[in-house]
Amino acid sequence: MKKNRQPEVWLRGPVPDIPQLLQPAAHALLQTCEELPVWLEDFDEQHLWSKPAGRASVGFHLQHLTGVLDRMMTYAKGESLTEAQFEYLRNEGTEQENSSVDILIAAFEHKVTEALAYFKTLNTAILLEERKVGRKALPSTTLGLLFHAAEHSQRHLGQVLVTASLFKK
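Residues numbered from 1 in each chain as written. Predicted model: local features only at pLDDT ≥ 70, side-chain atom pairs only at ≥ 80, totals over all residues. Heavy atoms only, no water.

K.L.:
Got a minute to help me understand the environment of E109 in this structure?
P.N.:
The residue E109 is located in helix 4 (residues 101-121) in this model. We classify E109 as partly exposed; its relative accessible area is 31%. Distance from E109 to E97, taken between C-alpha atoms, is 20 Å for residues 12 residues apart in sequence. For E109, the residues in contact, after removing those within four places along its chain, are C33 and P37. (Helix = DSSP H or I, 4+ residues; strand = E, 2+ residues; numbered from the N terminus. Buried < 20%, exposed > 50% of the residue type's maximum accessible area, 1.4 Å probe, protein only. Contact = heavy atoms within 4.5 Å.)

Right, here's the structure in full:
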């Protein structure tokens, strides 16, 4: 990885207009956006859908980052998933025509932009409100969902960099 001359996002101060309690989530999402292109800079696109040792492909992780963030934001808003979201979920890990590292990263970055715009609208009084997750309506809170979306992005960033490193010369 190339040396970034800046400190990590969380050490650069608050993200403007994001409530204080959501700063860690915003920082994690922005850090993922910054690191994905760096870790995939010399990645050979022919391996985008390769599954080394039967593990998930880089393409899957990139699709999954976007899909999970989208779903967690929906649940945080107290909404149910749409049929389009279920279709996206069914197709995570499936090679899509015209998909590339750049296109998949851009889709995640777009979803992060949407998430941060949503963060800016939140009254922190709703952060501890109960929210239901999935078909089983498992319990969470608005804050729990937003935190999970952020930490999940960091988790899959790690999986992307490990999987991609297997294909570097």
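K.L.:
What is the right way to look at the environment of S80 in this model?
P.N.:
Here S80 is to be found in the loop between helix 2 (58-76) and helix 3 (83-91). S80 sits 57 residues away from A137 along the chain, and the two C-alpha atoms are 9.9 Å apart.

K.L.:
When you look at the pattern of salt bridges in this model, what are you seeing that I'm missing?
P.N.:
Pairing between side chains becomes possible if they bear opposite charge and their charged atoms approach one another. Enumeration according to the criterion identifies 9 salt bridges in this entry. Between E87 and R90 there is a salt bridge, and its shortest N-O distance comes to 2.8 Å. Here R90 and E87 lie together in helix 3, a separation of 3 residues that amounts to about one turn. Residue class for R90 comes out partly exposed when judged on its relative accessible area of 47%. (Salt bridge = Lys/Arg side-chain N within 4 Å of Asp/Glu carboxyl O.)

K.L.:
Looking at this structure, I do not really get the packing of aromatic side chains. What am I missing?
P.N.:
The full count for this structure, using the stated rule, is 1 aromatic pair. Considering the side-chain rings of F43 and F167, the 6.3 Å spacing of their centres and the 75° angle between planes classify their relative orientation as edge-to-face. Separated by 124 residues along the polypeptide, F43 in the loop between helix 1 (23-39) and helix 2 and F167 in the segment after helix 5 (142-165) bring together distant segments of the chain. For F43, a relative accessible area of 7% puts it in the buried group. (Phe/Tyr/Trp six-rings, centres within 6.5 Å; stacked < 30°, edge-to-face > 60°.)

Shape is all these values report; function is a separate question.
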